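So you can see what is in the structure, the chains are spelled out below.
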Amino acid sequence: MSSSKVFSQSYAEARYRFCDAVKARGFHLETRVLEGHTGLLGEALATDATIVGDPLAPELIIVTSGVHGIEGYSGSACQLSILEDDELLRKAERAGKALLLIHAVSPFSFSYGRRANENNVDINRNFIDFSSVRPANSGYAELHPLMLPEAWPPGDQNRDAIRAYQLERGMQAFRDALSTGQQVHPEGLFYSGLEPEWSNRVLREIVGMNSASRQRAIWLDIHTGLGPYGFGEKILVDMRSNDADADGWADAKRIWGHDVVSLSAGESVSSNASGAACALLQSEFPSIDSMSLVIEFGTLSMTETLEALRFDHWVYRNRNLPNYDTLAREARKTMLKAFYPASDLWRGMILGQMRAVMEQTLAA
Ligand SMILES: [Zn+2]
């Protein structure tokens with residue numbers, strides 16, 4: 001299949017094609033509309049889902065796209081290629097596994113080309129326990145004025161101050177302070193929010209509806225933006241086994257190979273953030289043996305993606321400026337470049353690696 005065929009140019013197109021492919025297969029389409037908002041092209045915003053295969057199968061494989069909206073372009077393409085893949089669907093059926101595809105977890109940010117949602121919340125930091133008091137991320141508070149200075153583009157003084165922070169504390173400390181999640185700056189980066197967001201509630205509902213009778217589940221959550229260009233890092237976010245003798249880590253390596261990395265062991269390109277959406281399986285469904293993986297496809301350098309994120313948040317914070325529309329258009333272009341490379345080679349790499357992960361997961 002030509003890689004460009006399953007990649008869309010807008011959320012509206014991606015949604016239309018996903019729903020169309022589900023209907024063409026005769027599968028049931030489950031839709032949750034985000035009320036009170038419309039998309040960039042005036043379209044309705046929704047999360048759509050379908051279950052493929054035996055609805056009562058003891059084993060479930062969940063594939064999610066667009067937890068970080070703009071990264072949904074790649075996740076959506078992977079889901080569409082699964083729906084169009086007769087051989088893969090036959091394999092799933094023969095293996096007695098059901099597939100739950102959840103499209104555009106954060107439809108607003110998919111449509112508007114942002115990573116954060118309609119309330120500037122990072123959905124992959126939003127699945128935290130809001131009933132307990134969390135330690136403030138003081139590291140972020142210190143970085144916030146450096147990340148989002150008064151004027152854009154930032155001057156030399158700002159760049160020097162960030163470089164000085166990185167040299168003094170180290171890159172790992174910089175990344176952790178910046179991106180593990182924060183609850184003090186609602187207009188800042190990697191904001192966890194103060195309550196479960198719409199996408200959080202919808203995801204709980206859809207996963208809940210489809211998980212009740214399962215014995216085993218694997219969640220594959222597709223992301224882009226971190227790591228080497230076109231390389232998909234398989235990040236084990238969490239796992240749970242009800243067999244006391246089981247070695248989950250060895251199982252993960254057996255299924256996906258020795259390049260699986262552990263988020264909690266600090267082996268990943270991603271910081272050890274709390275509140276990941278796919279960890280919902282372990283926290284909410286303890287009776288199911290489960291593993292949750294993020295597949296993170298690299299795009300540009302960390303400096304370049306961070307620069308795009310900073311500009312996007314700077315524009316969001318300055319949304320009352322008279323030239324906001326022009327700035328937002330510019331921010332969207334920068335974000336697309338950083339999270340959705342317009343390269344057939346890159347897109348082919350994404351589909352190929354995702355196909356391999358699906359084969360491995362079905363054989364698990
Ligand atoms: Zn992401």
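Residues numbered from 1 in each chain as written. Predicted model: local features only at pLDDT ≥ 70, side-chain atom pairs only at ≥ 80, totals over all residues. Heavy atoms only, no water.

- Going by an unreviewed UniProt entry, the chain carries the name M14 family metallopeptidase and comes from Paraburkholderia agricolaris.

Examining the overall build of the chain
Next up, step 1: Along the backbone of the chain there are 13 helices and 8 strands.
Next up, step 2: Computed over the C-alpha atoms, the radius of gyration of the chain is 20 Å, within 12% of the 21 Å expected from 2.2 N^0.38 for a compact globule of 364 residues.
Next up, step 3: Along the first, second and third principal axes, the C-alpha set of the chain runs to 60 × 45 × 40 Å.
Next up, step 4: Taking all 364 residues of the chain together, the buried fraction comes to 55%.
Next up, step 5: For the chain, long-range pairs separated by at least 24 residues make up 80% of all intrachain contacts whose partners lie at least 6 apart in sequence.
Next up, step 6: Of the roughly 15,400 Å² of accessible surface on the chain, a fraction of 52% belongs to carbon and sulfur atoms. (Helix = DSSP H or I, 4+ residues; strand = E, 2+ residues; numbered from the N terminus. Rg over C-alpha atoms; globule rule 2.2 N^0.38 Å. Buried < 20%, exposed > 50% of the residue type's maximum accessible area, 1.4 Å probe, protein only. Contact = heavy atoms within 4.5 Å. Areas by Shrake-Rupley, 256 points an atom, 1.4 Å probe, with all protein chains shown as cover.)

Some words on the coordination of the zinc ion
Next up, step 1: Protein coordination at the zinc ion: the donors are H68 (ND1), E71 (OE), E71 (OE) and H223 (ND1), at 2.1 to 2.8 Å from the metal.
Next up, step 2: One can describe the site at the zinc ion as irregular: its 4 donor atoms subtend angles covering 51 to 138° at the metal.
Next up, step 3: Of note, the donors binding the zinc ion are all from one chain and are spaced H-x2-E-x151-H.
Next up, step 4: Take H68: its relative accessible area is 3%, and that puts it in the buried class. (Donors = N, O, S within 2.8 Å, 3.2 Å for Na, K, Ca; no water. Tetrahedral: all angles 85-135°; square planar, octahedral: opposite > 155°, others 65-115°.)

Section: the packing of aromatic side chains
Next up, step 1: Counted under the stated rule, the structure contains 8 aromatic pairs.
Next up, step 2: With a centroid separation of 5.8 Å and 20° between ring planes, the pair formed by W152 and F311 is classed as stacked. With W152 in the loop between helix 5 (138-147) and helix 6 (156-169) and F311 in helix 11 (residues 302-317), this residue pair connects regions lying 159 residues apart in the sequence.
Next up, step 3: Each ring, one from W152 and one from W314, has its centre 6.4 Å from the other, and the planes form 40°; the classification is tilted. Of this pair, W152 sits in the loop between helix 5 and helix 6 while W314 sits in helix 11, and the two are 162 residues apart along the sequence. No difference in accessibility class separates W152 from W314, as the two residues are buried.
Next up, step 4: Among the aromatic residues, ring-to-ring pairing joins F7, Y11, Y73, F110 and Y340 into one connected group.
Next up, step 5: Its guanidinium or amino end placed over the ring of Y340, R347 lies 4.1 Å from that ring's centre, counting from NZ or CZ. (Phe/Tyr/Trp six-rings, centres within 6.5 Å; stacked < 30°, edge-to-face > 60°. Lys NZ or Arg CZ within 6 Å of the ring centre and 35° of its normal.)

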